[in-house]
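Spelled out, the chains give:
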Amino acid sequence: MNTIKIDPQRTIGQLDRNVFGGFAEHLGRCIYGGMFDEGSPLSDELGMRQDVLAALRELRMPIIRYPGGNFVSGYRWTDGIGPRDERPARPELAWRTVETNRFGTDEFVDWCRQAGTEPYLAVNCGDGDMREARDWVEYCNGAQDTYWANMRRRNGHAEPHNVRYWGIGNEVDGPWQMGMKTPDEYARACTEYAKLMKMVDPSIKIVASWTSGWFQDWVERGQLLMEQAGKLVDYMAIHWYVGNREDDFGAYMALSEQFEDRLTASAGLLRAMSSCLKLQNPVYLAVDEWNVWYRTRGDDQLAEVYNLEDALVVALQMNAFIRHADTVKMANIAQIVNVIAPLVTRPDGLLRQSIFYPFAAISQAAGDVALDAYWEGETFEGGGHAGLRVLDVAATCADDSAVMVSIVNRALQGVAATVALQQGEFAGAGEATVINGSDVHAYNTFEEPDRVTARTSKLSASGSTLTLELEPHSVTVLRLPLRR
Ligand code: AHR
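Residues numbered from 1 in each chain as written. Predicted model: local features only at pLDDT ≥ 70, side-chain atom pairs only at ≥ 80, totals over all residues. Heavy atoms only, no water.

Here we take up the nonpolar core. One finds Trp111 and Trp166 to be the most contacted residues of the largest nonpolar core, which totals 158 residues. A per-element tally of this core places helix α9 (residues 308-323) first, with eleven residues. Here this core spans two domains, and each of domain 1 (15-366) and domain 2 (371-481) adds at least three residues to it. With near-sequence residues (within four places) excluded, Trp166 lies in contact with Tyr120, Leu121, Val123, Trp136, Val137, Cys140, Asn141, Met197, Ile204, Lys205, Ile206 and Val207. Core analysis: the second largest hydrophobic core is formed by eight residues, Tyr120, Tyr235, Ala237 and Met330 among them. (Core = buried A, V, L, I, M, F, W, Y, C linked by side-chain atoms within 4.5 Å. Buried < 20%, exposed > 50% of the residue type's maximum accessible area, 1.4 Å probe, protein only. Helix = DSSP H or I, 4+ residues; strand = E, 2+ residues; numbered from the N terminus. Domains from an automatic or database assignment. Contact = heavy atoms within 4.5 Å.)

Spelled out as structure tokens, the structure:
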């Protein structure tokens with residue numbers, strides 16, 4: 001028997017909804033043919049794909065990072081503004097294509113407004129410089145009678161875009177990055193970029209690029225960044241991608257330990273540095289690229305097919321973010337459409353991949369306070385770990401009136417579980433959403449779009465315990481109202 005104990009007063013911290021963010025890059029068919037498809041009957045007159053927007057609204061993503069990724073390290077944002085037909089095409093070096101620049105800053109902000117999400121822009125800290133970065137802030141947020149603010153007005157946007165979140169560079173620790181930087185080079189650059197960008201608009205939030213390769217220098221990078229830029233930076237960004245390349249289900253499910261380890265270690269370093277530097281401002285973690293990625297190569301760049309086990313691992317990552325809600329204040333699934341993404345488009349329609357469903361269920365049900373759930377029960381071995389709990393659990397509370405419990409059953413069999421409320425009582429009519437498919441390798445296609453899907457049913461819970469049978473290899477998201 002597995003027992004999950006929830007106490008609505010045993011809290012971890014406020015859950016920032018920005019942990020349900022996304023990421024869109026000029027890469028493959030994410031922008032062109034995904035979000036933006038000029039001339040498609042599925043697009044509006046601006047070229048925005050309406051089916052993609054509608055599906056993304058279901059994911060309730062409050063923030064989307066743009067325009068890269070590796071792309072941003074060679075991007076000139078000024079190419080992507082003004083009359084579309086006059087914009088220059090450039091060689092795109094990160095992904096070896098040609099960038100037409102028909103979609104740029106104004107299109108992205110307009111798209112975000114339609115999607116009901118907030119833009120988060122990353123500036124070029126690769127082959128770009130801090131002047132371009134400060135000019136971009138002025139273009140987006142300037143309210144005075146100045147050159148770039150007036151340029152935005154001339155381009156049809158009288159009101160400032162008010163972009164609040166700004167990232168400085170992308171994966172600067174990676175040799176694959178144009179303009180890769182040593183720990184000290186980046187700490188210096190980030191400090192000066194952040195200083196100038198905040199001079200233009202002191203209200204913006206700065207996200208520094210910390211680690212993506214998890215190389216031996218990641219601690220040194222974090223330390224130098226905090227020492228030099230700690231007073232200017234609001235978030236430190238980390239990235240990771242995982243996958244089941246060895247086709248070892250146990251090891252794949254045991255990746256929860258890696259997520260825990262990285263988040264605990266990074267949060268610890270931020271806390272230690274904040275303490276020793278006596279920082280008055282909080283510095284949070286932003287996992288601003290995360291997902292499953294098999295690095296599939298083909299003509300349709302980074303077009304990944306996701307199966308049920310990938311959906312379980314997406315839920316494990318989201319559960320980890322909720323359990324670290326006191327430090328992780330932003331996370332962006334990479335990416336949103338066609339490129340390592342929950343959504344895939346064709347000229348005539350849209351497919352929801354397996355990973356769409358846990359993201360939607362957890363994002364829709366999560367309350368605003370993360371709870372410190374306790375659970376015990378059956379265990380498994382995998383990836384060199386023994387004694388891992390078969391269930392992976394995260395919980396939230398909303399206004400003391402309902403709890404959300406997200407449970408990943410990592411067993412290939414069904415298991416019984418009891419959810420025990422340690423204070424108060426359940427108040428009857430709740431709901432359970434179960435994400436599952438015939439087997440862990442099942443995946444959706446345009447012909448069979450519902451092999452992996454979500455089923456929501458009513459669930460009545462009263463008193464302080466609820467017993468349920470969790471389906472094999474499944475994600476279950478419970479929404480349980482509480483008696484006040
Ligand atoms: O999301 C795909 C790529 O993965 C991004 O461009 C880069 O930042 C990361 O390596």
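So, about helix α4 (residues 147-154). Listed in full, the buried residues belonging to α4 are Trp148, Ala149, Met151 and Arg152. In a view along the axis of α4, the buried residues occupy a sector of 155°, so they form one face of it. When the buried face of α4 is taken as reference, the exposed residues oriented beyond 90 degrees from it are Tyr147 and Arg154. Those residues of α4 that are buried lie in contact with α2 (105-115) and α3 (130-141). Two residues or fewer past α4, Gly156 is found with a positive phi of approximately 95°. (Arc of directions from axis to C-beta.)

Per the counting criterion, the structure on display carries 23 aromatic pairs. Taken together, a centroid distance of 5.9 Å and an interplanar angle of 5° make the contact between Trp77 and Trp136 stacked. Linking Trp77 in the loop between β4 (63-66) and β5 (90-92) with Trp136 in helix α3, this pair joins segments that are 59 residues apart in sequence. Each member of the pair Trp77 and Trp136 is classed as buried. The structure contains a cluster of three or more aromatic residues connected by ring pairs, namely Phe71, Tyr75, Trp77, Trp136, Tyr139, Tyr147, Trp148 and Trp166. If you follow Arg65 out to its NZ or CZ, it ends over the ring of Phe23, 4.6 Å from the centre. We note Arg295 situated over the ring of Trp293; from NZ or CZ to the ring centre the distance is 4.0 Å. (Phe/Tyr/Trp six-rings, centres within 6.5 Å; stacked < 30°, edge-to-face > 60°. Lys NZ or Arg CZ within 6 Å of the ring centre and 35° of its normal.)

Moving on, we come to the site of the ligand. Around the ligand, a shell composed of 13 residues is seen, among which Glu25, Asn70, Glu171, Tyr241 and Glu289 lie nearest. At a separation of 2.8 Å, an oxygen atom of the ligand approaches a polar side-chain atom of Tyr241. Here Gln335 contributes a side-chain N or O atom positioned 3.0 Å from an oxygen atom of the ligand. When the free accessible area of the ligand is taken as 280 Å², the share hidden by the protein chains comes to 96%. Among the residues forming the shell around the ligand, the class breakdown is six nonpolar, four polar and three charged. (Near = heavy atom within 4 Å. Polar contact = N/O pair within 3.5 Å; in protein donor to acceptor, adjacent residues only side chain to side chain. Areas by Shrake-Rupley, 256 points an atom, 1.4 Å probe, with all protein chains shown as cover. Nonpolar A, V, L, I, M, F, W, Y, C, P; charged D, E, K, R; others polar.)

With that out of the way, let us pick up unusual backbone geometry. Trans is the prevailing form of peptide bonds, just as negative phi is the prevailing case for residues other than glycine. In this model, Tyr66 is joined to Pro67 through a cis peptide bond whose omega is 5°. Looking at the secondary structure, you find Pro67 in the loop between β4 and β5. The omega torsion across Ala334 and Gln335 is 0°, close enough to zero to call that bond cis. Inspection of the secondary structure puts Gln335 in the loop between β12 (328-334) and β13 (343-346). We note that Leu302 has phi near 55°; this positive angle belongs to a residue other than glycine. Tracing the sequence through the fold places Leu302 in the loop between β11 (284-292) and α9. A relative accessible area of 7% means that Leu302 is categorised as buried. Positive phi, normally seen in glycine, also occurs at Asp400, with a value near 55°.

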